[in-house]
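Close look at the chain arrangement
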Amino acid sequence: MGGMGAIHEANDFVIYNDNSAMTSSLVHAAVDRGIQRFFYASSACVYPTSLQHHGTNPVSLCEHDVWSSGAPNPQGLYGLEKLNSELLLMQFVEKMQIRIARFHNIFGPYGAWVGGHEKAPASQLRKALAAHMDPSTQHEIEIWGDGKQQRSFLYIDNYLHFRYMDDSRPVGVHARNSNNEFITKTLSWTPKITLEAGMMKTAGWIRGEMEKMLSDNDKTAQIELLSSFKTSKVIYLNRPTITFAILLPITSRGLEGPEKSLDNLRIFAKSLVRTTWRDTRELGLVHFQVKIYLGINADDEFLLRPAGNGEMLNIESLLSEEGITDVSTEICNVSRGHVCAIWRQCAHRAWKEKADYLVLMGDDVVLLDEGWMRDIHEQFTLIAQHEHVPQGMGCVAFTDVTFPGMPTFPVIHRTHMDTFGGQVIPKVFINQDGDPFLFQLYRKWGCSRMIPSRLSNGIGGSLPARYIQQHADGWTFGPLTEAASVLEASLATSFPSATRKMTLDIVIPSYRVVLAFLDPILALKESPTCDTMFIVIIDNPHSPQITELEAKYAHRSDVRIRVNESNLGASASRNRGMKESAADWILFLDDDITPQGDILIEAEKAIRSNPQAAGFIGNIYFPVASTIFTNAVHLAGVTYFWDIAVKMPQNESDMPWGVTANLIARRVQDGVEFDLQFPKTGGGEDIDFCRKKRDFSVAHGGEGFYPAPRVVATHPWWSDGQRSYWRFYMWSKGDGGLIKLYPNLTYLDQSPNSAELLLISTASTVLGALMYLFTRSSIVFIVSMSLAMATVIANIVHDMYRHLWRDTNRTEALRSSLRGPGWAVAVAESALIRMASEGGRLIGLLERGEIMLIGHRFDWFTGRAGDAPMNEEIMNGQQRMALVALIFGVLCFKFCY
């Protein structure tokens, strides 16, 4: 039981009852199982207190001294229980070999050293070490008593040596100051480790434990902890009764028959009894009890039928048959299917009746694992310790095997009800979203947990719900924000040291479902001041890797995996991820990037530096370009904006846009989503999203997007660098739609680009073919083909001029390992990639019927770089057009004359 901090008069009855019950249970089990030998660890407290007086001569107590005063007079009820247990065991000497040892003040490493249960050696060592480690100390330590007490101490290794030497012979050892003559004569035992050596070993171990505790705290907390180490505690063992209120809405409707509701209730009751039996009966420092609050609709006549005796309802009688007698029934005048209203009514009554924990439960639930009550109670204690919040603050959820990773059926403490005036969840909730609301609320302080204890959820989980599911639209904004403000205001006055965390969700749309990429993403770690959740949206429901992904990660409370019913595209998947999120911020990552290990920490730093920003543009690098094609992709400008965060000024507060492979956005109720008018394959939706988020933020007093160059990830070359222009063509078909959406960010280019010239050439070719059929004149056909050839040649020649002569500083900045003639070939191919992109934009305009917008260009820098980029593009167009005219004239002269 420990030292005098625990063994004192106030704890006498608790200690006596617990020890007596444990010993009698062990003896009964030993006799029942036919155990042959029983060793009992008794205590020196069995000796009469009259012999343990202060005097000049050391007190030396022998085994027979227990009876030296006539009637026994042990120390307190603890000593009396030990003596009674010795007498109890002696009743079975004919059935078992009984061995009793009266141990006295065993000490050493791994024993209690703080908290009130420690004995004198550990206590004094801790205080001395704390005084030594605290530079502000006066080098004085607390001592209980007058310091003249005399004690015998036994180092743990001496005890173990005695135990294993020969425990088959009758022994009796230890008194207040132990007389060891009997044990020395009987077992030839003497201590091998001196008191001084034992104290040195124990001091080394305690110092290590103290340093571990101190290292987990800041300077202020370390000083407070050292101060607490210098004193000993008196603890009181009067066991508190911890009441778990099971809030249980139940209905007989929506089933194949009303009787099924009773079957479900019986199954639940059996699982409740089975999983709480130990917690409600076990001896220890805490006593648990369960009370069920049944919530029944006032018009549910079947469930409101009285039992045969007329004293209770039929369902109350059913619970009684299963051993559950502490039941209160709430008749709820609410609309059908309004489960959350029933939860609110039951919770309010449980709060009024002083329940400690409230469990939001369902009548079709089956509890699977024993011990969930003590696990939840322990979790709340750990939350208070680790997050430095008041005891009881937080939300703990079961592991729902039916809906892995989802915080269904949460548990809260009555402190939540105190904070919110007896209301468990806001009235906006009808029958959905109430449980994740509580989890997300306390997540903002890092106080939400999911325990391994499992349950399964039938109707509404694995089976269709019995009512129309009604979600509380927008609950992650208004209701959650308001509740967080109430909680924050309450903590500011009652527990100001509690610190709210930043919440950041990582949304990952995934079609490929390649674990080699997803594993490093899901292994990312945040800082202690940030709470993160990973939301993976699978956009290929037929992927064979889904099962492996779910088996590996679905159990984690910080990983949410959702599977689209069909391939919807990256934009729709990101939109679903945003709807799943309840965080302050969202980090969008592609499913094939490799993030830098500190990306979440750097993201938090960026956000905290500019909290009013609409978002942040991360940095995406590509592997070193080593082939002609990968270099051509760079030179064509396709990857220019992927690392725009290092190309724009670092004090830029209004970045043009960023790619969604690594993009941070503030989550506010602005109605902004990825526009599904853009192709599923992508193209333009990222620019549109950033502009809309930016415009809303600025219009409401916020700022635009900031660069976040230290938020870094690496993107692989598409298709392992295999040559394909189709991706860039499709992207351009999409981003051409920006011209109509953002006329203020477009300009008219008088010089037709390659796609527009090739369109003229194609139309002329068709006309020339028709003329040839009727007139046998090939002049128009030759002219049109000359224009096509001139367009291609001029674009290649101009790009070689730009990259190899005019803009060599930009070319040299590319991350490339290509050298020699291959570089010139890459430049030529980059012109073809650019032309494919221009072709995609033109085809997109034609398909959307936006013919009048041909010749208009979108300013990719959205004006943030001034007119320079626009003027450069106009100049490039004019130069290309001049080359086209020159080459076209030469070809026409050659072929026509």
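A quick note: this is a predicted structure, and the numbers were derived from the prediction, not measured.

1. Notes on the overall build of the chain
Scanning the chain for helices and strands turns up 27 helices and 22 strands. The C-alpha radius of gyration computed for the chain amounts to 39 Å, which surpasses the reference 29 Å derived for 897 residues by more than 25%, pointing to a less compact arrangement than a globule. Along the three orthogonal principal directions, the C-alpha set of the chain runs to about 140 × 75 × 50 Å. Buried positions account for 52% of the 897 residues belonging to the chain. Excluding contacts between residues fewer than 6 apart, the proportion of contacts in the chain whose partners are at least 24 apart in sequence is 80%. Carbon and sulfur atoms provide 56% of the accessible area of the chain, an area that totals close to 41300 Å².

2. With respect to the packing of helix 8 (residues 259-281) against helix 11 (residues 372-387)
Running from N to C, helix 8 and helix 11 cross one another at 60 degrees; their axes reach a closest spacing of 7 Å. In this structure, helix 8 uses Leu-272, Thr-275, Thr-276, Arg-278, Asp-279 and Thr-280 to contact helix 11, whose residues at the interface are Trp-372, Met-373 and Arg-374. Across the contact of helix 8 with helix 11, the residue classes break down as 3 nonpolar, 3 polar and 3 charged.

3. Concerning the packing of helix 24 (residues 779-806) against helix 27 (residues 868-896)
Between helix 24 and helix 27, the least distance of the axes is 7 Å, while the angle of their chain directions is 135 degrees. Relative to helix 27, the element helix 24 is oriented oblique. As helix 24 packs across helix 27, the resulting crossing turns out to be right-handed. Looking at the contact of helix 24 with helix 27, its residues break down into 19 nonpolar, 6 polar and 5 charged.

4. What about helix 23 (residues 754-775)?
With 22 residues, helix 23 extends 30 Å from end C-alpha to end C-alpha; this agrees with the ideal 32 Å at 1.5 Å per step. All of the buried residues along helix 23 are Ser-754, Ala-755, Glu-756, Leu-757, Ser-761, Thr-765 and Gly-768. The elements touched by buried residues of helix 23 are helix 24, helix 26 (821-847), strand 22 (856-858) and helix 27. In this structure Asn-753 caps helix 23, since a side-chain oxygen of it lies 3.1 Å from the backbone nitrogen of Ala-755.

5. A few points about the pattern of salt bridges
This model, assessed by the stated rule, comprises 55 salt bridges. Arg-454 is the salt-bridge partner of Asp-369, the closest N and O atoms lying 2.8 Å from each other. With Asp-369 in the loop between strand 9 (365-367) and helix 11 and Arg-454 in strand 12 (residues 448-457), this residue pair connects regions lying 85 residues apart in the sequence. The closest approach of N and O atoms between Lys-579 and Glu-673, which form a salt bridge, is 3.9 Å. Pair noted here: Lys-579 is in helix 17 (residues 570-580) and Glu-673 is in the loop between strand 19 (662-666) and helix 20 (685-699), with a separation of 94 residues, a long-range link. For Glu-673, a relative accessible area of 34% gives the class partly exposed. By sharing partners, the salt bridges in this structure join Lys-291, Asp-326, Glu-330, Arg-349 and Glu-353 into a single network.

6. Here's the deal with the pairing of strand 5 (residues 241-250)
The buried fraction of strand 5 is high, at 9 of 10 residues. Where strand 5 and strand 6 (residues 287-297) come together, 10 bridges link them in parallel fashion. Counted as the bridge partner of Pro-249 is Gly-295 from strand 6.

7. Focus: the environment of Ala-614
Its location among the elements puts Ala-614 in the loop between helix 18 (599-609) and strand 18 (615-621). A C-alpha to C-alpha distance of 38 Å links Ala-614 and Ile-628, two positions 14 residues apart in sequence. When near neighbours in sequence (up to four residues on either side) are disregarded, Ala-614 contacts Trp-585, Ala-665, Arg-666, Lys-693, Arg-694, Ser-697, Glu-703, Gly-704 and Phe-705.

8. Examining helix 6 (residues 195-215)
Taking 1.5 Å per residue as the helical rise, helix 6 with its 21 residues ought to reach 30 Å, and the 30 Å between its terminal C-alpha atoms agrees with that figure. The complete set of buried residues in helix 6 reads Gly-198, Thr-202, Ala-203, Trp-205, Ile-206, Met-210 and Leu-214. On its buried face, helix 6 is in contact with strand 3 (106-107), helix 3 (120-133), strand 4 (154-155) and helix 7 (219-229).

9. Thoughts on the nonpolar core
Ranked by internal contacts, the top residues of the largest apolar core, which has 81 residues, are Ile-508, Phe-534, Leu-549, Phe-588 and Phe-616. Those residues in contact with Leu-549, other than ones at most four positions away along the chain, are Val-513, Leu-515, Leu-518, Leu-522, Val-536, Ile-538, Ala-554 and Ile-561. Counting residues in hydrophobic clusters, the runner-up holds 80 residues, among them Leu-318, Ala-397, Ile-412 and Leu-455.

10. Notes on the confidence of the model for the chain
Summing up the model confidence of the chain, the mean pLDDT is 88 and the portion of residues at 70 or higher is 93%. Ranking the elements of the chain by mean pLDDT puts helix 4 (residues 156-165) last, at 57, and strand 16 (residues 585-589) first, at 98. Low pLDDT, under 50, characterises residues 162-175; the predicted model gives this stretch 45 contacts beyond four residues in sequence or across chains.

11. Re the sheet that holds strand 16
Strand pairing within a sheet occurs via backbone hydrogen bonds; the two strands may be parallel or antiparallel. Ordered by their spatial adjacency, 8 strands build an open sheet running 15-14-13-16-19-18-20-17, and the pairing between neighbours is mixed. Both edges of this open sheet fall to strand 15 (559-563) and strand 17 (594-595), since each of them pairs with a single strand only. One ladder, built from 6 bridges, connects strand 18 with strand 20 (residues 705-714); its direction is parallel. Each residue of the ladder has a partner; that of Ile-620, found in strand 20, is Ala-713. Across the face of the sheet, helix 13 (residues 434-443) comes into contact with strand 13 (502-510), strand 14 (530-538) and strand 15 while running at roughly 140 degrees to strand 14. Sitting on the sheet, helix 17 is in contact with strand 13, strand 14, strand 15 and strand 16, with an inclination near 150 degrees to strand 13.

12. Structural notes on the packing of aromatic side chains
Applying the stated rule across the entire model yields 33 aromatic pairs. With a centroid separation of 5.3 Å and an interplanar angle of 65 degrees, the aromatic rings of Phe-858 and Trp-860 are classed as edge-to-face. Under the relative-accessibility criterion, Trp-860 is labelled partly exposed at 26%. Arg-574 extends its terminal NZ or CZ atom over the ring of Phe-674, reaching a point 5.7 Å from the ring centre.

13. Here we look at a nonpolar patch on the surface
A cluster of nonpolar side chains, namely Val-766, Leu-770, Leu-773 and Phe-774, defines an oily patch on the protein surface of about 460 Å² accessible area. Exposure remark for Leu-773: the relative accessible area of 59% places this residue in the exposed category.

14. Structural notes on the sheet that holds strand 8 (residues 357-360)
An order of 7-6-5-8-11-10-12-9 is seen for the 8 strands of this open sheet, with the pairing classed as mixed. The sheet is open, and its two borders are formed by strand 7 (327-332) and strand 9, each paired with just one other strand. For this sheet, the mean angle separating the axes of adjacent strands, direction not counted, is 30 degrees. Along the sheet, helix 9 (residues 314-321) makes contact with strand 6 and strand 7, crossing strand 6 at roughly 155 degrees.

15. Some points on the environment of Ile-506
Tracing the backbone shows Ile-506 in strand 13. Among the residues examined, Ile-506 registers a relative accessible area of 0% and is labelled buried. Considering only alpha carbons, one finds Ile-506 and Pro-656, 150 residues apart in sequence, at a separation of 22 Å. The residues contacting Ile-506, other than those within four sequence positions of it, are Thr-532, Met-533, Phe-534, Ile-535, Leu-587, Leu-589 and Leu-600.

16. What to know about the side chain of Glu-316
Structurally, Glu-316 can be placed in helix 9. The side chain of Glu-316 is buried and forms no salt bridge, while Arg-349, the nearest opposite charge, is found at 7.9 Å. In this structure the side chain of Glu-316 is engaged in a polar contact, spanning 2.5 Å, whose partner is the side chain of Thr-329. Ignoring any residue separated from it by four or fewer positions in sequence, one finds Glu-316 in contact with Leu-294, Val-327 and Thr-329.

17. Notes on the environment of Thr-241
Following the sequence through the fold, Thr-241 ends up in strand 5. With 171 residues separating them in the primary sequence, Thr-241 and Gly-70 have C-alpha atoms 40 Å apart. Among all residues touching Thr-241, those that are not within four sequence positions of it are His-287, Gln-289 and Asp-356.

18. As for unusual backbone geometry
Positive phi, normally seen in glycine, also occurs at Asp-433, with a value near 75 degrees. Among the structural elements, Asp-433 can be located in the loop between helix 12 (414-419) and helix 13. With phi around 55 degrees, Asp-720 is a residue other than glycine that occupies positive phi space. Along the chain, Asp-720 turns up in the loop between strand 20 and helix 21 (726-735).

Rules used in this analysis
Residues numbered from 1 in each chain as written. Predicted model: local features only at pLDDT ≥ 70, side-chain atom pairs only at ≥ 80, totals over all residues. Heavy atoms only, no water. Helix = DSSP H or I, 4+ residues; strand = E, 2+ residues; numbered from the N terminus. Rg over C-alpha atoms; globule rule 2.2 N^0.38 Å. Buried < 20%, exposed > 50% of the residue type's maximum accessible area, 1.4 Å probe, protein only. Contact = heavy atoms within 4.5 Å. Areas by Shrake-Rupley, 256 points an atom, 1.4 Å probe, with all protein chains shown as cover. Axes fitted to C-alpha atoms, helices over the stretch in contact; angles between N-to-C directions. Nonpolar A, V, L, I, M, F, W, Y, C, P; charged D, E, K, R; others polar. Parallel < 35°, antiparallel > 145°, perpendicular 65-115°, else oblique. Left-handed = near helix turned anticlockwise from the far one by under 90°. Expected span 1.5 Å × (residues − 1). Polar contact = N/O pair within 3.5 Å; in protein donor to acceptor, adjacent residues only side chain to side chain. Salt bridge = Lys/Arg side-chain N within 4 Å of Asp/Glu carboxyl O. Pairing = 2+ DSSP bridges. Core = buried A, V, L, I, M, F, W, Y, C linked by side-chain atoms within 4.5 Å. pLDDT = per-residue confidence, 0-100. Phe/Tyr/Trp six-rings, centres within 6.5 Å; stacked < 30°, edge-to-face > 60°. Lys NZ or Arg CZ within 6 Å of the ring centre and 35° of its normal. Patch = residues over 30% accessible without salt bridge, like charges linked within 9 Å, V, L, I, M, F, W, Y side chains within 5 Å. Lys, Arg positive; Asp, Glu negative; His and termini not counted.

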